[in-house]
Amino acid sequence: MSRPAAKKELGQHFLVDENLLGVIGRLAELGPEDVVLEVGPGLGVLTTYLADRAAHVHAVELDRSLEPRLREAVGGRENVELHFGDALRLDLASFEPTPTKLVSNLPYNIATPLIAESLDGLPALELWCVMVQREIADRFFAQPSTKAYGAVSVLVQLAAERTGFHPVSRTVFRPRPNVDSALVAFRRRELPPGFARVKQLVTAAFAHRRKRLANSLELAGFATRDEAAEALSKIARGPAVRAEELAPPEFVALAEALPA
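Now for a quick tour of the structure. This is a predicted model, so every value here is computed, not measured. (Residues numbered from 1 in each chain as written. Predicted model: local features only at pLDDT ≥ 70, side-chain atom pairs only at ≥ 80, totals over all residues. Heavy atoms only, no water.)

A tally of helices and strands in the protein chain yields 10 helices and nine strands. Relative to the globule expectation of 18 Å for 260 residues, the C-alpha radius of gyration of the protein chain, 20 Å, shows essentially globular dimensions. If one aligns the C-alpha atoms of the protein chain with their principal axes, the spans along those axes are about 65 × 35 × 30 Å. Counting every position in the protein chain, which comprises 260 residues, the buried fraction comes to 52%. (Helix = DSSP H or I, 4+ residues; strand = E, 2+ residues; numbered from the N terminus. Rg over C-alpha atoms; globule rule 2.2 N^0.38 Å. Buried < 20%, exposed > 50% of the residue type's maximum accessible area, 1.4 Å probe, protein only.)

Taken together, the buried positions of helix H10 (residues 248–257) are occupied by Pro248, Phe251, Val252, Leu254, Ala255 and Ala257. Of the surrounding elements, those touching the buried residues of H10 are helix H6 (151–159), helix H7 (195–205), helix H8 (213–219) and helix H9 (225–234). (Contact = heavy atoms within 4.5 Å.)

Here Glu29 is to be found in the loop between helix H1 (21–27) and strand E2 (35–39). By relative accessible area, which is 38% here, Glu29 ends up partly exposed. When the C-alpha atoms of Glu29 and Glu135 are compared, they prove to be 24 Å apart, with 106 residues separating the residues in sequence. Setting aside residues up to four positions removed in sequence, Glu29 forms contacts with Asp34, Lys101, Leu127, Thr163 and Arg187. Polar contacts involving the side chain of Glu29 include one to the side chain of Arg187, which spans 2.5 Å. (Polar contact = N/O pair within 3.5 Å; in protein donor to acceptor, adjacent residues only side chain to side chain.)

Consecutive side chains of a regular strand alternate in pointing toward one face of the sheet and then the other. With respect to burial, E2 is a largely interior element, five of its five residues being buried. Alternating residues of E2 divide into Val35, Leu37 and Val39 and Val36 and Glu38, and every residue in both groups is buried. In this structure, E2 lies alongside strand E3 (residues 56–61), joined through five bridges in parallel fashion. Bridge assignment links Leu37 to a residue of E3, and that residue is His58. On the question of chirality, the crossover connecting E2 to the parallel E3 by way of helix H2 (residues 45–51) is right-handed. (Pairing = 2+ DSSP bridges. Right-handed = clockwise from strand over helix to strand, strands pointing away.)

With that out of the way, let us pick up the nonpolar core. Formed by 59 residues in total, the largest nonpolar core has its most connected members in Phe140, Phe186 and Phe251. Beyond its immediate stretch of four places on either side in the chain, Phe186 contacts Ile115, Glu126, Leu127, Trp128, Val130, Phe140, Phe141, Val156, Ala160, Glu161, Arg162 and Thr163. Formed by 28 residues, the second largest nonpolar core is a distinct cluster that contains Leu27, Leu50, Val57 and Val168. (Core = buried A, V, L, I, M, F, W, Y, C linked by side-chain atoms within 4.5 Å.)

This brings us to the packing of helix H4 (residues 111–121) against H6. Packing of H4 against H6 leaves a shortest axis separation of 10 Å and a crossing angle of 35°. Two packed elements cross with a definite hand, and for H4 against H6 that hand is left-handed. Along the contact surface, H4 presents Thr112, Ile115 and Leu119, while H6 presents Val152, Leu155, Val156 and Ala159. Residues that form the contact of H4 with H6 fall into these classes: six nonpolar, one polar and no charged. (Axes fitted to C-alpha atoms, helices over the stretch in contact; angles between N-to-C directions. Left-handed = near helix turned anticlockwise from the far one by under 90°. Nonpolar A, V, L, I, M, F, W, Y, C, P; charged D, E, K, R; others polar.)

Time to look at the packing of aromatic side chains. The geometry of an aromatic ring pair comes down to the distance between the two centres and the angle between the two planes. In total, this model carries five aromatic pairs according to the counting rule given. Centroid distance Trp128 to Phe186: 5.2 Å. Interplanar angle 15°. Geometry classified as stacked. Taken together, the residues span a long stretch of sequence, with Trp128 in strand E6 (residues 127–133) and Phe186 in strand E9 (residues 181–188) at a distance of 58 residues. Their ring planes at 65° and their centres at 5.8 Å tell us that Phe140 and Phe186 sit as a pair that is edge-to-face. Pair noted here: Phe140 is in helix H5 (residues 134–140) and Phe186 is in strand E9, with a separation of 46 residues, a long-range link. Classification of Phe140 as buried rests on a relative accessible area of 0%. By relative accessible area, which is 0% here, Phe186 ends up buried. Each member of the aromatic cluster is reached from another via a ring pair, and the members are Trp128, Phe140, Phe141 and Phe186. (Phe/Tyr/Trp six-rings, centres within 6.5 Å; stacked < 30°, edge-to-face > 60°.)

See below:
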């Protein structure tokens, strides 16, 4: 069966170099009891590797034209369940058995929203091991007051701690992307109280990145400038501070200081 062409509009870059699989397995800490969620299985190279090492694999693919190639790749393995649809719209939390790890070569155009939504939307996930654009991987654990630091940095760092990082060559994909990639692994930590509200605050805070935090919150309809300024003073921050200057724990404190 000929290899299907990748679809640029879906952010597809198929993993074709099996030498990388061992690195993924190590960073994902795969074990025989794991239930793995894979988003964007593509040609099934990683899917079959996961299926041979985990109890169950849920593989979610948007591109229905890949179904024949995927079914051929998994070769009737009973512990692989193929789901066709948009991972951002499917009820991933309803999958049985419940996924405990997300291990994926993520399509570039859904990587950030999928990770952000999975932090609280998939509470049973214990570990993430994802291949993403290097720029996105750097954002996950970027430090405050850096260009890479943003909403996803805050959310990921509040929910998890990084356990592994591995730069990936462009040559392992077909078609070869125009950007560098990286594998990044992180393990769940206990979510801070009121994480849903903190998430709303962080999204509003970075919605107008170039503006002062108080102004951004008002423009986003989250709080008035006066309310924001008063809350910032309670966490020892001035009214002129920008969102990128606050460390992740400060957003938790700010959410508690703002009126509900």
